[in-house]
Amino acid sequence: MTAPSTSLDELALRARSGDAAARNLLWEQCGDVVRGAVARQRGLPRLWERADLEQEVFIVFAEFLDAWQGSGFRDAMEREFAGALLRHVRRARRKQYREVSIPSAVHLGGDPYPARLYALTELLEGLSQLPEPARFALQLHLFLGLSLAEVGRRLGMSRRAVVRLVPLAQSAVAVLETREERLGRLLEALYALTDDTGRIRANKDEVRTHLGLSVREYTAFIADLEGCGVLTVRSRGHAGRLPAAGPKHALLRLRDARRTGAA
């Protein structure tokens, strides 16, 4: 049963004067209002890990308590706390965008293919026309190597919004990466899932998610590896084994197999 508003006002006054026990009790007494405000927000678990969510909401609660006018605390909570939380969420998102540094084309020197720097510059100019979350998601994906699914989770984007970025990401990768470079990158990522003998210690769904490939792309990639003899002993429930010598050796075997027409 909720305490009378006068009791909450007295508790809030004590809390604002520095009484930590009163503040914690006030937090508990207003738990239903806080939970309702959280339920009205979108994407909170994506913006913060669940373990951090209560701490962030408590920060808003403490700020709200400091700004309280001194009467009708519960009424003020019910009327204004959800809005205060929303403003905090928006500030956190803007801060998140600012704090992640994205390299620009002019800072990617040393590329043995200078023409790609021009293509990259044009690509970045095209991305500047996208809404900020979509542009930021693509930049993280292209330059920091995060999968689109992971980027979407961190930025609080819906699954539909992430799916819409896939064709743009594929086009961008086609501009920035040769076919052999792509194979090398995927092999490096695949070897991260192997043990010392080259055995892949993950199921196919985990592998596909780790590589950031669609079902069709994953199927084609695995077929390519098997056709060249790089991936062996794959079976139901077993993702297979790669050469224990490592990704560079595996890439050389792919090249040799293509040169001799084995694949």
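Heads up: the structure comes first, above all this text.
As a starting point, this report considers the structure included with it. Here the structure is a predicted model, which means the values were calculated and not measured. (Residues numbered from 1 in each chain as written. Predicted model: local features only at pLDDT ≥ 70, side-chain atom pairs only at ≥ 80, totals over all residues. Heavy atoms only, no water.)

Focus on the overall build of the protein chain
A count of helical and extended segments in the protein chain gives 14 helices and zero strands. Order of helices (α) and strands (β) in the protein chain, N terminus to C terminus: α-α-α-α-α-α-α-α-α-α-α-α-α-α. Looking at the protein chain as a whole, 37% of its 263 residues are labelled buried. Taking contacts inside the protein chain between residues at least 6 apart in sequence as the whole, the part at least 24 apart equals 60%. Here the protein chain has roughly 15700 Å² of accessible surface; of this, 51% comes from carbon and sulfur atoms. (Helix = DSSP H or I, 4+ residues; strand = E, 2+ residues; numbered from the N terminus. Buried < 20%, exposed > 50% of the residue type's maximum accessible area, 1.4 Å probe, protein only. Contact = heavy atoms within 4.5 Å. Areas by Shrake-Rupley, 256 points an atom, 1.4 Å probe, with all protein chains shown as cover.)

Quick word on helix H3 (residues 31-39)
All of the buried residues along H3 are Gly31, Val33, Val34 and Ala37. Seen from one end, H3 has its buried residues packed into an arc of 160°, which puts them on one side. For H3, the exposed residues set more than 90 degrees away from the buried face come down to Arg35 and Ala39. (Arc of directions from axis to C-beta.)

Description of the environment of Val38
Within the element layout of this structure, Val38 appears in helix H3. In sequence terms Val38 and Glu54 are 16 residues apart; their C-alpha atoms lie 9.6 Å from each other.

Observations regarding the nonpolar core
In terms of nonpolar packing, the biggest core is built from 26 residues, with Leu26, Val57, Phe61, Phe64, Phe73, Met77 and Phe81 touching the most fellow members. Those elements giving two or more residues to this core turn out to be helix H1 (5-16), helix H2 (20-29), H3, helix H5 (50-67) and helix H6 (73-99). Counting residues per element, this core draws most heavily on H6, which supplies eight residues. Non-local contacts of Val57, meaning those with residues more than four positions away in its chain, are made with Trp27, Val34, Val38, Phe81 and Leu85. (Core = buried A, V, L, I, M, F, W, Y, C linked by side-chain atoms within 4.5 Å.)

Concerning the packing of helix H11 (residues 179-191) against helix H12 (residues 204-211)
Each packed pair of helices is defined by two parameters, the angle between the axes and the distance between the axes. Direction vectors running N to C along H11 and H12 enclose 130°, while the axes themselves pass 10 Å from each other. By the angle class used here, H11 and H12 are oblique. By crossing handedness, the relation of H11 to H12 is classed as right-handed. Contacts from Leu186, Ala189 and Leu190 in H11 reach Val207, His210 and Leu211 in H12. (Axes fitted to C-alpha atoms, helices over the stretch in contact; angles between N-to-C directions. Parallel < 35°, antiparallel > 145°, perpendicular 65-115°, else oblique. Left-handed = near helix turned anticlockwise from the far one by under 90°.)

Focus: the layout of surface pockets
Its volume calculated, the second largest pocket comes out at about 210 Å³. Lining the second largest pocket we find 13 residues, and of these Glu63, Phe64, Ala67, Trp68 and Glu80 sit closest to its centre. Among the elements that line the lining of the second largest pocket, the one with the most residues is H6, at six residues. Of the residues in the lining of the second largest pocket, the class split is six nonpolar, two polar and five charged. (1 Å grid on protein atoms, 1.4 Å probe; cavity = no way out; pocket = protein on both sides within 12 Å on 5 of 7 lines; lining within 4 Å. Points joined across faces, edges and corners; volume = space filled by probe spheres on them. Nonpolar A, V, L, I, M, F, W, Y, C, P; charged D, E, K, R; others polar.)

Thoughts on the packing of H11 against helix H13 (residues 215-227)
H13 packs onto H11 with a crossing angle of 90° between their chain directions and a minimal axis gap of 12 Å. Classed by the angle they form, the pair H11 and H13 counts as roughly perpendicular. Across the interface between the two elements, Arg179, Arg182, Leu183, Leu186, Leu187 and Leu190 of H11 pack against Glu217, Phe221, Asp224 and Leu225 of H13.

Considerations on the packing of aromatic side chains
In this structure the tally under the stated criterion is seven aromatic pairs. Between the aromatic rings of Phe58 and Phe61, the centroid separation amounts to 6.0 Å while the plane-to-plane angle is 35°, which identifies the pairing as tilted. With a gap of three residues between them, Phe58 and Phe61 both fall in helix H5, about one helical turn apart. Under the relative-accessibility criterion, Phe61 is labelled buried at 0%. Aromatic pair Trp68 and Phe73: ring centres 5.3 Å apart, planes at 90°, arrangement edge-to-face. Residue classification places Phe73 among the buried positions, given a relative accessible area of 0%. (Phe/Tyr/Trp six-rings, centres within 6.5 Å; stacked < 30°, edge-to-face > 60°.)

Shape is all these values report; function is a separate question.
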